[in-house]
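Fold and contact review
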Amino acid sequence: MSGFQIILGERWSRDRAIVEEMRAGAAGGTAFDFTHVLDVMDIFIDGANVGAVASADAIACLTRDLLGALAQIAAGRARKAIVTFYESPFELVLQAAGGGQPRRRSGGAAAAVLVTFLRGGPSPDVLVHNREVHLTDVARAAAAAARRLAGQIVRVHRSLASDAFVLDLRRLADEVSSAVRGASLAIVDAAPVAIESRDWDRGVGRRGVSLAFRAEACRHDLLGPVLPDRADLSALLFRGEVAVWAGGRRRSLGRCYPFLVCERLLGLSRHALEAHDGGCAPGSLRVQCDGLLLGLRPEGEGLVLTAAQRGDDVEPVQAPLAGAAELAEAVVDLAAEIRRSVLAAAPGQKGNLRFDAFCSDLRFVDAWRRDLHAKAIVNRDPDPYRVVAPEATDDAGGDGAPLLLGEPRRMRYAQRWHLEAEGLDLFSTFLCGDRLVVSTAEALLAVDRDSGEVIWRLSPQPLPADAGSAASIAAGSRGLARASADGRVVMLDLSTGAQVWSARVQPRVGRPAGIAVGPGRTPRLLVLAEGTGPGRRLVALDVHTGEQRWRFSARRGGAPGDGFEFVRAGRLLVVACGDASIYAIDSDIGAVVWRFGGAGGDLGRAGPRPDPRAPTPDPRLRGRFVLRPVCERDRIAAVAGEPGRRGASLHLLDAFTGGLLWSRPLPGAPLAGPALCGNVALVATCDPGGAGRPGITAIETATGVPLWRRTVPGLDRGFAWLPVDDRIVVNVAGGHAVALHAPTGDVAWEMRPGLDSPRDVPARLEPVLRGGALFLPAAAVHVVRPDDGEVIHRLDDGPVPDYLRVDERCHLYVGEHSGHMSAFDLVARLAVVK
C-alpha cells in the first residue's frame with residue numbers, strides 16, 4: 001500500500017493581519033472566522049506531493065472536514081466521502097476499499113481506503129485515482145496535522161483553547177484516532193463488469209464517422225457507493241477506451257476515461273454547431289483530457305477531428321467529417337451509449353448531479369442536431385387560413401368611428417386629467433375600450449378614459465409583488481389576462497375587475513409574453529410562453545375557462561435570453577423561437593401548418609409537390625431565428641441571425657404556404673426585426689466591430705434584388721419604425737426622426753428638434769398613425785404631418801412618453817415610468833377640407 005502524509009503550511013501564523021484579528025476576537029469574546037486562515041496543504045502519497053497543485057486554502061476548515069469524513073468512514077456510517085477545497089476547484093475523495101458483503105483478508109490486514117485527488121469543473125484533471133492507502137495512515141496523518149494546527153492557534157492567544165472550532169478540531173482528531181483502531185473495513189476484490197457500446201465491434205452501419213467505447217466498471221468507481229443529489233465525478237472515472245469508426249476501420253484513441261472524453265467531445269460539438277449557426281467555419285480548437293489531446297479544425301468544406309496521446313510518438317487519429325451535423329451525430333450516439341450503459345450497470349447514478357448535467361448536455365446537443373436536420377414543411381392547402389385578422393395592437397380602442405383629420409395644419413391639446421402612482425408599471429398598462437387599466441406596485445385599477453375616475457380597484461393586485469415580473473394581455477373586449485413569471489395566470493372581467501378564472505403554467509425567466517388569438521375582435525385563446533431551456537413551450541388557454549387547449553414545444557432550448565416572437569397571419573401564428581426554423585401554427589389547434597428552416601426540402605405531406613423551380617435556401621445563409629418576423633398581406637419577412645453578430649440573412653416567405661420566395665445575406669449584424677413597406681423589405685444593421693455606421697438596407701420583395709442602403713446615425717442606440725404608404729418613418733432615440741422613400745431611399749423629410757437628454761429618451765419609440773397625423777414619442781410627443789414632416793403640435797407640458805396611446809378620437813394617453821399618467825383631449829384643429 002501507499003504511504004500518506006499531510007503537512008500544513010505555517011505562513012499564516014506570520015500574517016500580522018490574521019494574527020491580530022484572531023487575538024482581537026479572542027479578547028473580545030467573539031467567534032473568529034477560520035476560513036480566513038489561508039495556507040497550503042501538502043498531501044504526499046508515496047513521497048509525491050499531489051497537493052502542491054492547489055493554491056492556498058482555508059486549511060483549518062479543510063482539516064476539520066477531512067477529519068469528519070474519516071470519522072464517518074472509520075465508524076462505518078459512510079463508505080464514501082468527498083472533501084471539497086474552499087479556494088481551489090479540487091476534491092479529495094475517500095472511499096472504503098470494498099463493497100457488497102465485506103470479508104476480512106487473511107493475516108488481519110489493516111483496513112484500507114481508496115484515495116482520489118482531482119480538479120473538478122468543465123476541464124477535470126485526475127492527479128490520483130483510487131490509490132489504496134491504509135486507513136490508519138490517513139487517520140494518523142490527519143489527526144497529527146489537526147493537533148499541530150490547534151497548538152499553533154492556541155499559541156496565538158491562550159483563550160482560543162476554549163474556542164468552539166479548536167475544541168471541535170481536537171475532538172475529531174481523538175475520535176478518528178480511536179475509531180480506526182477498531183475499524184473492520186475489509187477489502188473486497190470484486191470482478192469488474194464490462195460495459196460497451198452496442199456497435200463496438202461493427203460500427204453503426206452507416207457511412208461517415210461514428211464513435212464507440214468499451215470500459216470496465218468496478219466497485220471502486222461506477223459500481224461503488226452512491227452519493228445521491230451530489231456531484232460525484234469520481235464515480236464516473238471508469239477506465240476504458242474510445243474508438244473512431246471510419247471507412248470500415250476502427251482506431252482506438254487509447255486508454256482513457258470514456259466519460260470525460262465524451263464530455264469534451266460534447267463541448268467540441270457545441271463549438272462547431274455555434275459556428276454553423278453563424279454561417280462560418282469553426283476556429284481550430286484543442287482540448288486536453290487526462291493526457292489525451294482532442295482537436296477540431298476546419299478543412300475545406302468539412303471538419304477534421306483529431307486525437308493523440310500526449311507525449312506519444314504514435315500518429316494521431318484523424319477523422320474527416322462532412323460538417324458540424326455529422327460531428328454532433330457521432331458524439332450524440334456515443335453519449336447516448338454511455339448514458340445507457342451507466343444506467344444499466346448502476347441505476348443509482350441517476351442521482352449523480354455530474355451525470356445529470358451530462359445527460360442535459362446530451363439532450364441539448366441532440367436537439368440542436370435534430371434542428372439542423374429538420375426539413376421544411378410546405379402547406380399545400382393555404383385557403384382555409386386566409387381569414388381576415390384584426391390589426392395586431394397591444395391596446396383595444398373604443399368602438400366609435402375613427403376621427404379623420406383631413407390634412408391637419410395645426411392642433412392643440414389640453415390636459416384632461418392627471419394620475420400619480422408609485423411603482424407605475426407601464427408595460428402592464430392597457431387602453432381597453434373606454435377605460436385605461438393601470439398597474440401599480442400596490443393595486444390594479446381601471447380608470448375612465450374621459451374623466452380619470454377610478455371605475456374599480458383591486459388592492460392588493462391579483463398577482464402579489466413577490467410573484468416576479470408580470471404582464472397584462474388584452475383579450476379583446478372580454479377581459480384582461482394577468483400573467484406572472486412564476487406561472488400564475490388570472491383572467492379579469494374588464495367591466496368589474498372580478499376574477500373570472502385562474503390557471504397555472506410552467507414558470508419562466510423574464511417578463512411573460514403572450515397574445516390573444518381568435519377570429520375578429522373576440523379571441524378564443526390566450527397563447528403564453530412557458531418554461532425555460534429545453535422545456536420552452538407555447539401553451540394556449542381558453543379565454544372563457546382557462547383550460548389548456550394545445551401546446552407547442554421549441555425544438556431546442558436556445559440561449560438564456562431567447563424567447564418566443566410571434567406575429568399573426570390570418571388563422572396562423574408565425575413563431576420564431578431561437579432555433580434554425582420558423583414555424584406557422586394553426587392558432588385553433590396548435591398544429592404546425594408549415595415550417596421553414598435552413599435544411600430546406602419537404603416532408604412529403606399529402607397534395608401536389610411544390611414547384612421544383614422554386615428557390616431553396618442557400619446552406620450558407622443559416623442562423624437562428626430570434627428576431628420578430630413581420631407579416632404584410634400574404635408575405636412574411638424574417639431575419640435569421642442574432643443582434644451583435646455578423647452573418648445574418650433575410651428570408652421572404654409566402655405567409656400561408658411557407659414557401660421560400662428568396663433569401664439574401666445582410667451586411668453587418670441586425671439591430672431589430674425587418675419591416676415591409678409596399679414592395680420593399682427593410683432591415684436595420686450595424687457593423688458589430690464598429691468600423692461601419694448603422695444603416696438601413698432595402699430589398700425589393702418581388703425579385704429579392706438589393707435596392708439601396710442608407711446610413712442613419714443613432715440606430716444602434718435604439719429606434720422604432722412605421723410604414724406609412726410608400727415611406728418608412730424611423731424614430732431614433734435622441735429626438736431624430738426621418739422618413740425615407742422606400743423604393744429609392746431618398747429622404748422625404750427629416751425632423752431634428754435637438755438632442756434630448758439620455759434621461760428623457762422614452763422607453764418606447766413606436767410611432768403612431770391616427771386620423772391622418774403621425775405621433776412621435778421623444779422627450780415630448782411630436783404630432784407630425786406624415787406628408788412633409790411639419791410639426792403641427794408639440795406636447796411640451798406632458799410627461800416623458802414612455803407610454804403613448806392614441807384612441808380613435810386622437811386623444812392622447814401619456815405615461816412616464818416615474819409614476820405619472822396624463823390624458824390629453826384634442827380641443828382644436830386646423831385642417832384643409834377638400
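Everything here concerns the structure above.
The following refers to the structure shown. (Residues numbered from 1 in each chain as written. Predicted model: local features only at pLDDT ≥ 70, side-chain atom pairs only at ≥ 80, totals over all residues. Heavy atoms only, no water.)

With that settled, the discussion passes to the overall build of the chain. Regarding its fold elements, the chain presents 7 helices and 54 strands. Burial analysis of the chain (834 residues in total) assigns 54% to the buried set. Nonlocal contacts in the chain, meaning residues at least 24 apart in sequence, comprise 54% of its contacts between residues at least 6 apart. Counting only carbon and sulfur atoms, one obtains 49% of the accessible surface of the chain, whose full area is about 35,300 Å². (Helix = DSSP H or I, 4+ residues; strand = E, 2+ residues; numbered from the N terminus. Buried < 20%, exposed > 50% of the residue type's maximum accessible area, 1.4 Å probe, protein only. Contact = heavy atoms within 4.5 Å. Areas by Shrake-Rupley, 256 points an atom, 1.4 Å probe, with all protein chains shown as cover.)

Moving on, we get to unusual backbone geometry. The phi torsion at Asp46 lies on the positive side, around 55°, for a residue other than glycine. Mapped onto the elements of the fold, Asp46 is located in the loop between strand 3 (41–45) and strand 4 (48–49). Positive phi outside glycine occurs at Asp229, with the angle close to 60°. By secondary structure assignment, the location of Asp229 is in the loop between strand 11 (209–217) and strand 12 (239–246).

What follows concerns the sheet that holds strand 12. Across the sheet, which stays open at both edges, the 4 strands sit in the order 10-11-12-13 with antiparallel pairing between neighbours. The strands lining the two open edges of the sheet, one partner per strand, are strand 10 (193–196) and strand 13 (249–256). Ignoring which end each strand starts from, the neighbouring axes of this sheet average 15° apart. Sheet analysis places strand 10 next to strand 11, joined by 4 bridges and oriented antiparallel. Bridge pairing links Val193 to Ala217 in strand 11. In this fold helix 5 (residues 258–277) packs onto strand 11, strand 12 and strand 13, with an angle of close to 45° to the strand it touches most, strand 12. (Pairing = 2+ DSSP bridges. Axes fitted to C-alpha atoms, helices over the stretch in contact; angles between N-to-C directions.)

A separate point is the sheet that holds strand 17 (residues 317–321). Strand order in this open sheet of 4 strands is 14-15-16-17, and the pairing throughout is antiparallel. Two strands bound the open sheet, and with one partner strand each, they are strand 14 (285–289) and strand 17. Going across the sheet, the axis of each strand differs from the next one's by a mean of 15°, ignoring polarity. Both strand 15 (residues 292–299) and strand 16 (residues 302–309) contribute to a ladder of 8 bridges, which runs antiparallel. Among the inter-strand pairings, Leu296 is bridged to a residue of strand 16, identified as Leu305.

At their nearest, the axes of helix 2 (residues 59–74) and helix 4 (residues 164–181) sit 9 Å apart, and the two run at 30° to each other. When the axes of helix 2 and helix 4 are compared, the crossing they make is left-handed. Along its contact with helix 2, which presents Ala60, Cys61, Thr63, Arg64, Leu67, Gly68, Leu70, Ala71 and Ala74, the element helix 4 presents Phe165, Asp168, Leu169, Leu172, Ala173, Glu175, Val176, Ala179 and Val180. (Left-handed = near helix turned anticlockwise from the far one by under 90°.)

Attention shifts here to the pairing of strand 32 (residues 572–576). Here strand 32 lies mainly inside the structure; 5 of its 5 residues are buried. Side chains Leu572, Val574 and Ala576 of strand 32 all project onto a buried face; the interleaved residues Leu573 and Val575 project onto the opposite face, where all are buried too. The pairing of strand 31 (residues 565–569) with strand 32 spans 5 bridges and is antiparallel. Of the residues in strand 32, the one forming a bridge with Ala569 is Leu572.

A separate point is helix 1 (residues 16–28). For helix 1, with 13 residues, the first-to-last C-alpha span of 18 Å sits near the 18 Å given by 1.5 Å per residue. For helix 1, the full list of buried residues reads Ile18, Val19, Met22, Gly25 and Ala26. Along helix 1, the residues classed as buried sweep out an arc of 130° about the axis, all on the same side. Exposed side of helix 1, more than 90 degrees from the buried face: Arg16, Ala17, Ala24, Ala27 and Gly28 are the residues found there. Buried residues along helix 1 sit against helix 3 (135–156). Its side-chain oxygen 3.1 Å from the backbone nitrogen of Ala17, Asp15 forms the N-cap of helix 1. Gly29 lies just past helix 1 and shows a positive phi near 80°. (Expected span 1.5 Å × (residues − 1). Arc of directions from axis to C-beta. Polar contact = N/O pair within 3.5 Å; in protein donor to acceptor, adjacent residues only side chain to side chain.)

To continue, consider the packing of aromatic side chains. Applying the stated criterion across every chain yields a total of 11 aromatic pairs. Geometrically, the ring pair formed by Phe259 and Phe358 is tilted, given 4.8 Å between the ring centres and 45° between the ring planes. One end of the pair, Phe259, is in helix 5; the other, Phe358, is in helix 7 (residues 353–373), with 99 residues separating them in the sequence. Residues Phe259 and Phe358 agree in their burial class; the two are buried. Ring centres of Phe355 and Phe358 lie 6.2 Å apart, and the angle between their planes is 25°; on these two criteria the pair is classed as stacked. Here Phe358 and Phe355 lie together in helix 7, a separation of 3 residues that amounts to about one turn. Like Phe358, Phe355 is buried. One aromatic cluster is present, built from ring pairs that chain together Phe32, Phe34 and Phe165. The side chain of Arg239 reaches across the aromatic face of Tyr257, ending 4.4 Å from its centre. Between Arg536 and the ring centre of Phe564, over which it is positioned, the NZ or CZ distance is 5.2 Å. (Phe/Tyr/Trp six-rings, centres within 6.5 Å; stacked < 30°, edge-to-face > 60°. Lys NZ or Arg CZ within 6 Å of the ring centre and 35° of its normal.)

With that settled, consider the nonpolar core. If you look at soluble globular proteins, the nonpolar side chains tend to sit buried side by side. Ranked by size, the top nonpolar core spans 62 residues in total, and within it Phe4, Ile6, Trp12, Met22, Phe34 and Leu92 carry the most contacts. If you tally residues by element for this core, the top one is helix 3, at 13 residues. Not counting residues up to four positions away in its chain, the partners in contact with Ile6 are Met41, Asp42, Leu66, Ala141, Ala142, Ala145 and Arg148. Counting residues in each nonpolar core, the second largest holds 56 residues, with Phe213, Leu253, Tyr257 and Leu266 among its members. (Core = buried A, V, L, I, M, F, W, Y, C linked by side-chain atoms within 4.5 Å.)

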